[in-house]
Amino acid sequence: MFKNRKVVIVGAGHVGSHVALALIQSGEADDIVLIDILPQKAAAQALDLDDGVSGSLSGRDVIIRAGGYEELNDADILVMAFGRSRRPGETRLDMFDDSIKMADEVVSHLKTVNFQGIMISISNPADIICEYIRREMQWKPRRCFCTGTSLESYRLLRVLSAATGYSRRSIQAFCMGEHGNSSFIVWSRVRIGTKPFLQLRAERLDIAAISLADLQAQVKKAGDIEIDGKGCTEFGIANAAVMIISAIFHDQKLIWPCSTALNGQYGQKDVAAGVPCVIGKNGIEEILEVALADEEQEKFNASCDILRGFLERAASLKK
């Protein structure tokens, strides 16, 4: 007997619907359920997406429909994509108050079902909302994490490729910390092919002329440009989520930065932040601790302090 791969997506807006579309096109799910606070919206999105199943690039039949939280009782993956879009001029942290209220509503439903699968959260502020839900549900960190600095890392590959001329597939690079303004590029771990990027800068004048500060600014400003221009981000983060889902379904042992609860790693506790992880059938199977330069460790500490402060604020709201 073959088991259907079932994914439930909470939030049928821009991001949730594009996660569903990417799952259909990739053939990475057999059964997709959309849940939304507006049931008619979830039903309409599911119907619209179902119209495209016949033309799916995967050539597979996929069931996609709207449903309720009871669908989680036999689901493999839960994707949290609820929340409003970030407004022009806002940071993700500015969404905290609205998102916590929504998270409480979602948690009230989660406590009525017996979900045993893996939760991947996208809802902003991503690190905080995911860890808040995890603590409320008392789930193990390995099965409840968020996409973290996935999107920053995608953007980093893009800007590095444009600056150096090398294919994104030949670049190894990632960001750490908050999915937000305090994230940072781990320059000491960037590789072009097999060569450290910082070594390449010492050997080649054209690479040395590239401003690291400018590249970091491009990565950080990308989201603002997208929000100001179209009101949301949707394609990149949806593909990041499906990449992670694929790594779970195929037990890929993918090494990729995700936000997960830390218990001493990188000198941090009582916080969740973006760090390199091994992703497989059990979710986050390992947190990889890489040596950071002193400046990078300081940036990570500062980012964790920001996140910890908001988690403490979230906990205080329950008292």
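Computed from a predicted model, the values in this text were never measured in an experiment. Numbers given to residues run from 1 along each chain, matching the order in which its sequence is written. Local features in this predicted model are restricted to residues of pLDDT 70 or higher, and side-chain atom pairs are both shown and tallied only at a pLDDT of 80 or more, whereas totals for entire chains, interfaces and linings draw on every residue. Computation of side-chain values covers all heavy atoms of the structure but excludes hydrogens and water.

Comments concerning the overall build of the protein
Next, step 1: Across its full length, the protein carries ten helices and 14 strands.
Next, step 2: Atoms counted for the radius of gyration: C-alpha only. Globule rule: 2.2 Å times the number of residues to the power 0.38. A globule of 319 residues ought to have a C-alpha radius of gyration of about 20 Å, and the protein, at 19 Å, matches this closely.
Next, step 3: Dimensions of the protein, computed from C-alpha atoms along their principal axes, come out at roughly 55 × 50 × 40 Å.
Next, step 4: Per-residue accessibility, obtained with a 1.4 Å probe over protein chains only, is compared with the maximum for each type, and a residue is labelled buried under 20%, exposed over 50%, and partly exposed between these values. Here the protein holds 319 residues, and the buried ones make up 54% of them.
Next, step 5: Sequence-distant contacts, at least 24 apart, represent 71% of the contacts inside the protein between residues at least 6 apart.
Next, step 6: The accessible surface values rely on the Shrake-Rupley method and a 1.4 Å probe; as for residues, cover is taken only from the protein chains in view. Total accessible area on the protein is roughly 14,300 Å²; 51% of this is exposed by carbon and sulfur atoms.
Next, step 7: Taking the 37 positively charged and 41 negatively charged side chains of the protein as two groups, their mean positions are separated by 3 Å. Segments assigned H or I by DSSP are reported as helices when at least four residues long, segments assigned E as strands when at least two residues long, and all are numbered from the N terminus. In what follows, residue pairs with any heavy atoms lying within 4.5 Å of each other are defined as contacts. Under this rule, positive means Lys or Arg and negative means Asp or Glu; His and the chain ends count for nothing. Every charge is mapped onto a representative atom, which is NZ of Lys, CZ of Arg, CG of Asp or CD of Glu.

Considerations on the environment of Thr260
Next, step 1: Examined against the element boundaries, Thr260 turns out to sit in strand β12 (residues 254-263).
Next, step 2: Here Thr260 falls in the buried class, since its relative accessible area comes to 2%.
Next, step 3: Considered as a pair, Thr260 and Arg143 are 117 residues apart in the sequence and their alpha carbons are 9.5 Å apart.
Next, step 4: Dropping the residues within four chain positions of it, Thr260 is found in contact with Pro141, Phe145, Val271, Ala272, Ala273, Val275, Cys277, Ile284 and Ile287.

Quick word on the environment of Ser17
Next, step 1: With respect to the helices and strands, Ser17 occurs in helix α1 (residues 14-26).
Next, step 2: Those residues in contact with Ser17, other than ones at most four positions away along the chain, are Ala12, Gln45 and Leu49.
Next, step 3: Here Gly13 takes part through its backbone oxygen, which lies 2.6 Å from a polar atom of the side chain of Ser17. Here a polar contact means two N or O atoms within 3.5 Å. Within protein one must be a hydrogen donor candidate and the other an acceptor candidate, and residues neighboring in sequence count only if both atoms are side-chain atoms.

With respect to the nonpolar core
Next, step 1: In this description, a nonpolar core means a group of buried Ala, Val, Leu, Ile, Met, Phe, Trp, Tyr and Cys residues linked to one another through side-chain atoms lying within 4.5 Å. Residues Ile9, Leu110 and Ile133 are the most contacted members of the largest nonpolar core, which totals 88 residues.
Next, step 2: Those residues within four positions of Ile9 in sequence are excluded, and the remaining contacts are Gly16, Val19, Ala20, Leu23, Ile32, Val33, Leu34, Ile35, Val79 and Ala81.
Next, step 3: Counting 17 residues, the second largest nonpolar core, distinct from the first, contains Val159, Leu160, Ile192 and Phe197.

Things to note about the pattern of salt bridges
Next, step 1: Every case where a carboxyl oxygen of Asp or Glu lies within 4 Å of a side-chain nitrogen of Lys or Arg is listed as a salt bridge. A full pass over the atoms with the stated rule returns 16 salt bridges.
Next, step 2: Between Asp206 and Arg204 there is a salt bridge, with the nearest N and O atoms lying 2.7 Å from each other.
Next, step 3: The partly exposed category is assigned to Asp206, whose relative accessible area is 47%.
Next, step 4: Across the pair Lys230 and Glu234 runs a salt bridge whose closest N-O atoms are separated by 2.6 Å.
Next, step 5: Via salt bridges that share partners, Lys6, Asp31, Arg65, Glu71 and Asp74 belong to a single interconnected network.

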